[in-house]
Amino acid sequence: MNDSSPQVSHRQMANAIRALAMDAVETAKSGHPGLPMGAADIATVLFTRFLKFDPAAPDWPDRDRFVLSAGHGSMLLYAVLHLLGYEQMSIEQIRNFRQLGSATPGHPEFGHTAGVETTTGPLGQGIATAVGMAMGERLMAARFGDDLVSHHTYVLASDGDLMEGISHEAISFAGHLGLGKLIVLFDDNQITIDGPLGLSESGDQLARFEAAGWDTASVDGHDPDAVATAIAEAQSSQRPSLIACRTTIGYGAPTKAGTAGVHGAPLGAEEILGARKELGWDAETFELPADVRDAWRIAGLRSGHARRDWKERLAAAEPELRGAFERALSGEIPGEFDKAITTAKLHFATERPSVATRKASETVLTGIVPALPTMVGGSADLTGSNNTRTADTAPITAEDFSGRFIHYGVREHGMAAAMNGMALHGGIVPYSGTFLAFADYCRPAIRIAALMGQRVIHVMTHDSIGLGEDGPTHQPVEHLASLRAMPNLNVFRPADGVETAECWQLAVADRNSPSVIALTRQNLATVRTEHSDENLCARGAYVLREANGNAEVSIFASGSEVEIALAAAEALREENISARVVSVPCFELFEAQPESYQSIVLGDAPVRVGIEAAVRMGWDRFIGTDGAFIGMTGFGASAPYKDLYTHFGITADAVVAAAKAKLASLPND
């Protein structure tokens, strides 16, 4: 397939990318011209000969996905989007590169720019997210058939992407699953920010990928026919493919090409003049020859017929299948889901079991997974501990993607990024499990999910010193505060089975935020013993037990410490001290409530006490700087969990003592 009209050469089309990139970076006085100039030949071949897309319908479900994992080279993608005719990407947007409010931010941002499939910039995230996209394609194809779902995922990755630890997790998992429609184009330019690659790396990337079960090839990245041949061969492979494209960073820059100096700084006026001469590019700044622009716009129309054919196949599909497909992509929640939540709440409120919230979560999943066919679960080799797999959930394997449970192995970071990719792909609500202490392994991917506003659900069990004997390495104390500090992340910590069901309902219903559901290892008493159709956790915090008369003490607690709060309130009542208890399952949702509601929940008791088996940070929002806090001030220890609660003073007696001490210190009226 030709990539342009006979009058316009591949070189001219690639040079259009180079010119726009160096002009935009120079105008912004900021950016990374080296990768766009070096990888322009690769991008030109991919977008004009292979990639299936339609600028008129950027969200067409069966388009190929392109992930610029090396997000610092964003002008490569912006230039291509402009050249191909994406309406949003006008020349004015190119001129406004890296400026406030433009569609051309420093690194690609999903939801901000049409044609950007995922937010990238932190190296390694793109390639790992792309693995999830390729998984999403196979999962959806297994459910709906290749007539509706059959596309490739392409990645342009840098040396830095392949150095990051997450790449090892992603690469090995993609090879294990045999993701044959995943093709990584490696911009092998042998340069890092510090200088030559040899300063910090001497490994054999091809051997590494081959060992992980990938097909590999090595080509001259400036030879368009060699690149095209390699891509065509990769498309027919049953395994994921790496194509190492040896390039010259800053190709065309007369003195800076092939050096670290062209990586992350404008070329300068003199160097740009020299590059224009070297490339044979006579057009003025931000101008394109008409024939080059036309050739690119023709390339942008190349897949229009493929989209029309796909729409015909969708229209001809059996109505039930078509309806299920469209519902899956819409992200809507069927009525059966809410019914399953109600059933679970009734069960817990009626039976009142003493059960760990991780086990309560499994009970909830047993009802909601069949009710929501788009849910796909998993665990990072902790399935029996996280309780994320239900009895009727089949595992996904390289041979069979019809299941709904993924054994990720010990790959927490790769797992989190893969879930981002599945959510971005569409048609899937991903959830998975690990220990809360290992949230730090997942954190960069969770942050990207929060930034992109993706519905990704992290089940994180063993949420405190309550896990007991495994000790401080596994006992999270700072993690809840750390996660709560992240914008657009809901952190749920339910107190019993009823709250666990409600938190699951909220996490699944929120299409614009990721969620962490922190669950216990130890058994907890049921604290919500009266059924309510209302989802009380949706308020973030609510009065669980009112005081007898005017409250002298307000006790705020989350998760496993709510039962301690109730016991303390009862003990205070026996001493004729009126206390109320507030359950706080989600800080973030509480902050979203009207001030009038917040004031009611916070109350006007003169003494406030907070309880959580974690550090105090964040709790002053509820108890004030002068409130008492019963929790952790350092790391945990190895012992049975009841002994640990006593040792660290997280008990009802400690709450009572703290409340009485605060009351005694109040000035007399």
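**Student:** I'm lost on the overall build of the protein chain in this one. Help?
**Tutor:** Regarding its fold elements, the protein chain presents 27 helices and 18 strands. Against the globule reference of 26 Å for 669 residues, the protein chain gives a C-alpha radius of gyration of 28 Å, in line with a compact fold. Of all 669 residues assigned to the protein chain, the portion counted as buried reaches 60%. Contacts spanning at least 24 positions in sequence make up 78% of the contacts within the protein chain whose residues lie at least 6 apart. For the protein chain, the accessible surface area stands at approximately 25,000 Å², while carbon and sulfur atoms represent 50% of it. The positive charge centre, built from 53 side chains, and the negative charge centre, built from 82, are 3 Å apart in the protein chain.

**Student:** When you look at the packing of aromatic side chains in this model, what are you seeing that I'm missing?
**Tutor:** Each aromatic ring pair is described using two quantities: the centre-to-centre distance and the angle formed by the ring planes. Applying the stated criterion across every chain, the model contains 19 aromatic pairs. Site record: aromatic cluster; members linked through ring pairs are F556, F587, F590, W619, F622 and F629. Against the face of F587 rests R484, its NZ or CZ located 3.8 Å from the ring centre. If you follow R539 out to its NZ or CZ, it ends over the ring of Y597, 4.3 Å from the centre.

**Student:** In this structure, what is going on with the sheet that holds strand β3 (residues 182-188)? I would like to understand it.
**Tutor:** Whether parallel or antiparallel, the strands of a sheet pair through hydrogen bonds between backbone atoms. The five strands lie next to each other as β1-β2-β3-β7-β6, forming an open sheet whose pairing is parallel. Each having just a single partner strand, β1 (65-68) and β6 (215-220) make up the two edges of the open sheet. Across the sheet, the mean angle from the axis of one strand to that of its neighbour is 15°, orientation sign disregarded.

**Student:** Where do I start with the side chain of H413 in this structure?
**Tutor:** Its place among the elements puts H413 in helix α18 (residues 412-425). Polar contacts involving the side chain of H413 include one to the side chain of Q125, which spans 2.8 Å. Setting aside anything within four residues of it in sequence, one finds H413 in contact with Q125, I166, E169, Y441, C442, P444 and A445.

**Student:** Explain unusual backbone geometry here, please?
**Tutor:** What you tend to see is this: most non-glycine residues have negative phi, and most peptide bonds are trans. Phi is positive for K29, close to 60°, though the residue is something other than glycine. Mapped onto the fold, K29 is located in the loop between α1 (10-28) and α2 (34-38). Accessibility expressed as a relative area gives 59% for K29, which makes it exposed. Positive phi, normally seen in glycine, also occurs at D381, with a value near 65°. Among the structural elements, D381 can be located in the loop between β8 (375-379) and α17 (383-386).

**Student:** Which parts of the structure should I look at to understand the pattern of salt bridges?
**Tutor:** It is possible for side chains of opposite charge to pair when their charged atoms get near one another. Scanning the model with the defined rule gives 26 salt bridges in all. Among the ionic pairs, E502 bridges to K345, the shortest N-O distance being 2.8 Å. Of this pair, E502 sits in helix α21 (residues 497-509) while K345 sits in helix α15 (residues 335-351); the two residues are 157 residues apart in sequence, bridging distant segments of the chain. For the pair E502 and K345, a shared accessibility class is recorded, and that class is buried.

**Student:** I'm lost on the pairing of β6 in this one. Help?
**Tutor:** Relative to strand β7 (residues 241-246), β6 runs parallel, the two being bridged by six bridges. Bridge pairing in β7 links V219 to C245.

**Student:** Looking at this structure, I do not really get helix α16 (residues 357-371). What am I missing?
**Tutor:** With 15 residues, α16 extends 21 Å from end C-alpha to end C-alpha; this agrees with the ideal 21 Å at 1.5 Å per step. L365 marks the point of greatest bend in α16, at about 30°. Where α16 is concerned, the buried positions are T357, R358, A360, S361, E362, V364, L365, I368, V369 and A371. The elements touched by buried residues of α16 are α15, β8, α17, β10 (429-435), β11 (457-461) and α21.

**Student:** What's the story with the packing of helix α6 (residues 125-144) against helix α14 (residues 319-330) in this structure? I'm lost.
**Tutor:** In helix packing, the relevant descriptors are the interaxial angle and the interaxial distance, both defined with respect to the helix axes. Contact geometry of α6 with α14 gives a least axis separation of 11 Å together with a crossing angle of 155°. As summarised for this structure, α6 and α14 are arranged roughly antiparallel, according to the angle between their axes. Viewed along their axes, α6 and α14 form a crossing whose handedness is right-handed. Packed against α6, whose contacting residues are M140, R143 and F144, the element α14 presents L321, A324, F325, A328 and L329 at the interface.

**Student:** Please explain helix α12 (residues 290-300) as it appears in this structure.
**Tutor:** An α-helical segment advances 3.6 residues per turn. Residues three or four places apart therefore align on the same side. Of all the residues in α12, the buried ones are V292, A295, W296, A299 and G300. For α12, the angular spread of buried residues about the axis comes to 145°, placing them on one side. Away from its buried face by more than 90 degrees, α12 exposes A290 and I298. Looking at the packing, one finds that the buried side of α12 touches α1, α3 (40-50) and α4 (74-84).

**Student:** Where do I start with the sheet that holds β10 in this structure?
**Tutor:** With parallel pairing, six strands are arranged side by side in an open sheet as β9-β8-β10-β11-β13-β12. Here the strands that pair on one side only, and so sit at the sheet edges, are β9 (405-407) and β12 (490-492). Averaged over all pairs of adjacent strands, the angle between strand axes in this sheet comes to 20°, irrespective of strand direction. Alignment of β8 against β10, held across three bridges, turns out to be parallel. Of the residues in β10, the one forming a bridge with S379 is G433.

**Student:** What am I meant to see in the packing of α6 against α18 here?
**Tutor:** The N-to-C vectors of α6 and α18 enclose an angle of 55°; their axes lie 6 Å apart at closest approach. The pairing of α6 with α18 is recorded here as oblique in orientation. Judged by the sense of rotation from one axis to the other, the crossing of α6 with α18 is right-handed. Each of Q125, A128, T129, G132, M133, M135, G136, E137, L139 and M140 in α6 lies in contact with α18, whose residues at this interface are H413, A417, A418, N420, G421, M422, L424 and H425. The residue makeup of the contact of α6 with α18, split by class, is nine nonpolar, eight polar and one charged.

**Student:** Would you take a moment to explain the nonpolar core for this structure?
**Tutor:** Grouped together as the largest cluster of nonpolar side chains are 73 residues, with contacts concentrated most on M135, L179, L182, W214 and Y408. Per element, the largest residue contribution to this core is 11 residues, and it comes from α6. L182 has contacts with A130, V131, A134, T153, V155, A174, W214, P240 and S241, leaving out every residue within four places of it along the chain. A28, A43, L77 and I231 belong to the second largest nonpolar core, which has 61 residues in total.

**Student:** How do you make sense of the state of the cysteines when you look at a structure like this?
**Tutor:** Here is the idea: a disulfide is a covalent bond, and it sits between the sulfur atoms of two cysteines. Considering all chains together, one arrives at zero disulfides under this definition. Its sulfur unpaired, C442 is 18 Å from the next cysteine sulfur, which belongs to C586. The thiol of C586 is unpaired, and the distance to the nearest cysteine sulfur, on C503, comes to 7.2 Å.

**Student:** Hey, could you run me through the pairing of strand β13 (residues 515-518) in this one?
**Tutor:** The side chains of a regular strand alternate, residue by residue, between the two faces of the sheet. The side-chain alternation of β13 yields two buried faces, one formed by S515 and I517 and the other by V516 and A518. In terms of strand pairing, β12 meets β13 through three bridges, oriented parallel. By the bridge assignment, N490 is partnered in β13 with S515.

**Student:** Got a minute to help me understand the environment of G124 in this structure?
**Tutor:** Within the secondary structure layout, G124 lies in the loop between α5 (91-95) and α6. Among the residues examined, G124 registers a relative accessible area of 0% and is labelled buried. Sequence separation between G124 and L206 is 82 residues; the distance between their C-alpha atoms is 17 Å.

What counts, and where the lines are drawn
Residues numbered from 1 in each chain as written. Predicted model: local features only at pLDDT ≥ 70, side-chain atom pairs only at ≥ 80, totals over all residues. Heavy atoms only, no water. Helix = DSSP H or I, 4+ residues; strand = E, 2+ residues; numbered from the N terminus. Rg over C-alpha atoms; globule rule 2.2 N^0.38 Å. Buried < 20%, exposed > 50% of the residue type's maximum accessible area, 1.4 Å probe, protein only. Contact = heavy atoms within 4.5 Å. Areas by Shrake-Rupley, 256 points an atom, 1.4 Å probe, with all protein chains shown as cover. Lys, Arg positive; Asp, Glu negative; His and termini not counted. Charge placed at Lys NZ, Arg CZ, Asp CG, Glu CD. Phe/Tyr/Trp six-rings, centres within 6.5 Å; stacked < 30°, edge-to-face > 60°. Lys NZ or Arg CZ within 6 Å of the ring centre and 35° of its normal. Pairing = 2+ DSSP bridges. Axes fitted to C-alpha atoms, helices over the stretch in contact; angles between N-to-C directions. Polar contact = N/O pair within 3.5 Å; in protein donor to acceptor, adjacent residues only side chain to side chain. Salt bridge = Lys/Arg side-chain N within 4 Å of Asp/Glu carboxyl O. Expected span 1.5 Å × (residues − 1). Bend = angle between axes of the 7 residues up to and from the residue. Parallel < 35°, antiparallel > 145°, perpendicular 65-115°, else oblique. Left-handed = near helix turned anticlockwise from the far one by under 90°. Arc of directions from axis to C-beta. Nonpolar A, V, L, I, M, F, W, Y, C, P; charged D, E, K, R; others polar. Core = buried A, V, L, I, M, F, W, Y, C linked by side-chain atoms within 4.5 Å. Disulfide = S-S within 2.5 Å.

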